[in-house]
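Summary of the model geometry
What follows is the residue order along each chain.
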Amino acid sequence: MADAPRNDLRITRNAGGWALLEIARAPVNSMDLQLWRQLTAALDELEADPQVRGMIFASGLRRDVFTAGNDIKELFAPLTSQQRYTQPPPLATLPVAGACPAGGCCLSMCCDYRIMTESGHIGLNEVALGISVPKMWAGLMGRIIGTGPADKLLQNAVLLQPQDAKDLGLIDDIAPKEGLLAAAEEVMREMLKMPDGGRQATKLNLRADFAQEWAEFAGPEAEGAWQMLSSPAVVEALGEVLQRLSGGRKPGGSGGGGGQQAQSRL
Amino acid sequence: MADAPRNDLRITRNAGGWALLEIARAPVNSMDLQLWRQLTAALDELEADPQVRGMIFASGLRRDVFTAGNDIKELFAPLTSQQRYTQPPPLATLPVAGACPAGGCCLSMCCDYRIMTESGHIGLNEVALGISVPKMWAGLMGRIIGTGPADKLLQNAVLLQPQDAKDLGLIDDIAPKEGLLAAAEEVMREMLKMPDGGRQATKLNLRADFAQEWAEFAGPEAEGAWQMLSSPAVVEALGEVLQRLSGGRKPGGSGGGGGQQAQSRL
Amino acid sequence: MADAPRNDLRITRNAGGWALLEIARAPVNSMDLQLWRQLTAALDELEADPQVRGMIFASGLRRDVFTAGNDIKELFAPLTSQQRYTQPPPLATLPVAGACPAGGCCLSMCCDYRIMTESGHIGLNEVALGISVPKMWAGLMGRIIGTGPADKLLQNAVLLQPQDAKDLGLIDDIAPKEGLLAAAEEVMREMLKMPDGGRQATKLNLRADFAQEWAEFAGPEAEGAWQMLSSPAVVEALGEVLQRLSGGRKPGGSGGGGGQQAQSRL
């Protein structure tokens with residue numbers, strides 16, 4: 001028996017030439033295979049629509065969370081779907097985000113401009129869970145903020161506050177939660193003043209090699225991830241995290257270390 | 001019948017061991033194939049001169065323009081000659097510049113130290129014209145200021161004011177137009193205090209791989225550029241630009257989007 | 001007859017799970033083949049010890065010098081041993097340093113977190129000696145602070161003061177000499193709060209490709225270095241440096257240009 005079909009995404013087309021895509025899977029937009037598949041389908045649909053030149057990703061939740069990251073119960077399962085996002089889409093893409101660890105950070109990094117709420121945080125904090133940051137995610141962060149700063153953040157599982165993230169170039173702007181969408185729309189309008197052709201080709205020039213490297217690494221990455229995830233030490237570490245999450249204030253198995261902020265001297 | 005031979009470059013040798021190369025092709029030093037060839041010949045000549053250890057590039061124009069970039073009427077034609085510049089020359093190179101979009105920015109980025117006038121601007125603004133930033137130019141900017149900041153600038157066709165360019169590391173210094181050459185000469189004297197051998201070999205260590213990658217990409221780049229430039233959308237977009245330029249205050253087809261500054265939230 | 005065995009390293013194991021490794025070869029911890037071999041052996045020993053999860057490198061000298069760099073009398077001889085350090089060790093590594101030119105800078109750059117004394121300096125100043133910065137050292141600095149800033153520093157043989165080094169990201173913290181070790185231990189304790197597995201795998205994800213590239217380049221690098229070092233110009237330049245050092249205030253052939261700070265407009 002198949003699961004009942006469901007869709008956690010709301011798509012709203014704007015006359016200005018872009019679409020708003022809201023992710024609303026309570027409680028914390030955990031990214032499991034199903035959600036990644038929905039995202040992939042949405043991207044396909046919007047790319048095929050000649051009226052849509054850009055996309056704004058937002059959380060449809062009331063709480064200030066973009067996504068808590070990959071569901072810890074099926075870490076790395078969504079690999080293939082994620083890679084769909086690494087291919088630079090012709091659309092101008094722009095996520096607006098509250099809390100944004102791990103998988104949510106990765107989705108954001110694939111976009112063109114990032115705006116975060118004043119109380120959000122962002123980063124790849126896998127190391128705090130005893131698992132490794134996927135190689136190409138680490139590489140992607142290195143491309144955005146530099147290899148040196150990325151090395152420091154990732155080894156220490158740092159989740160950055162908005163101003164620190166902006167100073168490092170991991171996000172581009174900060175806005176109050178109530179003004180988040182308006183700020184994103186203003187940026188989107190600016191981006192779409194430019195003709196699409198040159199921007200799209202330039203984006204490919206900038207990112208296609210890395211996207212291809214990522215796609216080619218899918219096989220080795222999945223194998224390595226499986227080996228890591230099935231090792232006794234990691235199984236035990238993740239088990240503890242799951243137990244803690246299920247018994248604590250964040251029921252439902254929010255993944256990727258959502259609310260856990262590693263202390264670190266950066 | 002061949003064109004009458006002409007030369008738009010003035011070369012002045014300085015007893016300190018360097019040469020000043022001034023580009024003086026009124027009105028805005030548009031870079032067409034002929035000018036790129038002259039630049040190539042000048043580089044060859046100066047490299048072969050054992051008395052010349054460094055080069056300062058400057059505009060020989062009265063107005064505060066280094067070069068308006070590639071002539072829009074023959075965009076990408078000068079490819080091969082440009083690549084001559086990507087091979088790290090043994091000379092210490094130093095451009096001093098006013099307005100410096102597109103091709104002028106690229107020439108500057110191939111050098112070792114960049115000084116700009118207080119009223120100049122610099123960037124690769126191809127996207128505003130509906131065309132793409134050549135892949136290796138984009139890569140070169142990424143090497144200088146980081147891939148993340150370059151991505152943002154290029155997608156939005158940003159021309160940077162001097163202080164922003166300095167903050168990002170795209171230029172190294174700012175000087176008033178009347179003090180520009182003196183500032184450049186001071187830097188050149190400092191650079192030449194060091195023996196040449198170690199600096200030259202270090203420059204090769206730093207840049208030779210990228211230069212080779214660039215040279216190998218010449219074929220694919222020319223093909224791709226031709227396809228792009230002959231596409232109906234781009235032909236139309238560039239036609240509009242040319243028409244606007246020829247009817248406006250910038251006669252003579254200055255290229256590369258000289259005076260056009262894209263508005264952008266960076 | 002073989003040299004009498006000697007060891008210039010002191011290793012102290014800390015109950016917190018790390019080892020302190022002090023380098024004490026008077027007068028300035030010049031790094032010759034023998035010292036590199038000792039360092040390699042120490043790394044092997046500590047990596048094999050399950051009680052040791054991290055390493056702090058420090059100078060055991062009274063004076064504020066981490067190491068003056070490779071001994072100029074056998075520059076590049078220690079290549080193979082150095083490469084041992086380029087492979088990202090599973091240990092958390094952390095050098096604390098005073099004066100730190102050339103080889104000392106390279107050793108530091110291979111580590112995970114760098115703390116320097118208030119009166120130290122750091123950089124790769126080979127160009128001031130008329131020799132080139134080894135290609136992979138240049139690449140390593142580029143990875144840490146960005147290719148653009150590294151290009152500028154290396155061509156001009158700049159040794160950075162602590163605050164400038166911190167601003168560029170070449171070091172992470174500054175401490176007074178008397179508080180150096182305490183500061184390092186605090187950082188180490190923070191790093192070791194995280195489980196080792198994820199951090200180690202992440203470190204590999206971040207650095208293994210570069211380490212492999214470095215290892216593969218060992219052959220060509222040694223050949224190139226030999227050609228450079230045996231060229232008449234370099235032999236003469238280094239001869240002058242040695243003569244100056246042996247006649248001046250720094251007897252004993254401290255290498256890598258220890259106390260020489262190139263003047264440069266950066």
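This text goes with the structure placed above it.
In what follows, the accompanying structure is described. Quick caveat, the model's predicted, so the values are computed rather than measured.

**As for the overall build of chain A**
Helices and strands together make up the secondary structure of chain A, namely 10 helices and 8 strands. Looking at chain A as a whole, 59% of its 266 residues qualify as buried. The contacts in chain A between residues at least 6 apart in sequence include a share of 75% that link residues at least 24 apart. A total of about 10,600 Å² of accessible surface is found on chain A, and carbon and sulfur atoms cover 53% of it.

**Overview of the relation of the copies chain A and chain B**
Superposition of chain A onto chain B requires a rotation of 120 degrees combined with a translation of 0.0 Å along the rotation axis, giving an RMSD of 0.0 Å. Expressed as a symmetry operation, the mapping of one chain copy onto the other fits a three-fold axis. For chain A, the smallest separation between a C-alpha atom and the rotation axis is recorded for G146 of chain A, amounting to 3.8 Å.

**A few points about the packing of helix 3 (residues 102-109) of chain A against helix 4 (residues 135-145) of chain A**
Residue and element names in this part refer to chain A. Where helix 3 meets helix 4, the axes come as close as 10 Å, and the angle between the chain directions of the two elements is 50 degrees. Here helix 3 lies oblique to helix 4, going by the angle between them. Considering the relative orientation of helix 3 and helix 4, their crossing is left-handed. Here A102, G103, C105, C106 and M109 of helix 3 come into contact with helix 4, specifically with W137, L140, M141 and I144. Classifying every residue of the contact of helix 3 with helix 4 by side-chain character gives 8 nonpolar, 1 polar and no charged.

**Structural notes on unusual backbone geometry**
For residues that are not glycine, phi is negative in most cases, and the peptide bond is trans in most cases. Residue and element names in this part refer to chain A. A26 connects to P27 through a cis peptide bond whose omega is 5 degrees. Note that P27 resides in the loop between strand 2 (18-23) and helix 1 (33-47). At A157, a residue that is not glycine, the phi angle is positive and equals roughly 55 degrees. Structurally, the position occupied by A157 is in the loop between helix 5 (147-155) and helix 6 (162-168).

**Quick look at the packing of aromatic side chains**
Enumeration according to the criterion identifies 3 aromatic pairs over all chains in this entry. Measuring from centroid to centroid gives 5.7 Å for F210 of chain A and W214 of chain A, while their planes differ by 70 degrees, and the two rings are edge-to-face. One end of the pair is F210 of chain A and the other is W214 of chain A, both in helix 8 (residues 196-216) and 4 residues apart, which spans about a single turn. Neither residue differs from the other here; F210 of chain A and W214 of chain A are each classed as buried. Looking at K135 of chain B, its charged tip hangs above the ring of F217 of chain B, at a distance of 5.1 Å from the centre.

Reading the values: rules and limits
Residues numbered from 1 in each chain as written. Chains lettered and ligands numbered in written order. Predicted model: local features only at pLDDT ≥ 70, side-chain atom pairs only at ≥ 80, totals over all residues. Heavy atoms only, no water. Helix = DSSP H or I, 4+ residues; strand = E, 2+ residues; numbered from the N terminus. Buried < 20%, exposed > 50% of the residue type's maximum accessible area, 1.4 Å probe, protein only. Contact = heavy atoms within 4.5 Å. Areas by Shrake-Rupley, 256 points an atom, 1.4 Å probe, with all protein chains shown as cover. Least-squares fit on C-alpha atoms with pLDDT ≥ 70 in both. Axes fitted to C-alpha atoms, helices over the stretch in contact; angles between N-to-C directions. Parallel < 35°, antiparallel > 145°, perpendicular 65-115°, else oblique. Left-handed = near helix turned anticlockwise from the far one by under 90°. Nonpolar A, V, L, I, M, F, W, Y, C, P; charged D, E, K, R; others polar. Phe/Tyr/Trp six-rings, centres within 6.5 Å; stacked < 30°, edge-to-face > 60°. Lys NZ or Arg CZ within 6 Å of the ring centre and 35° of its normal.

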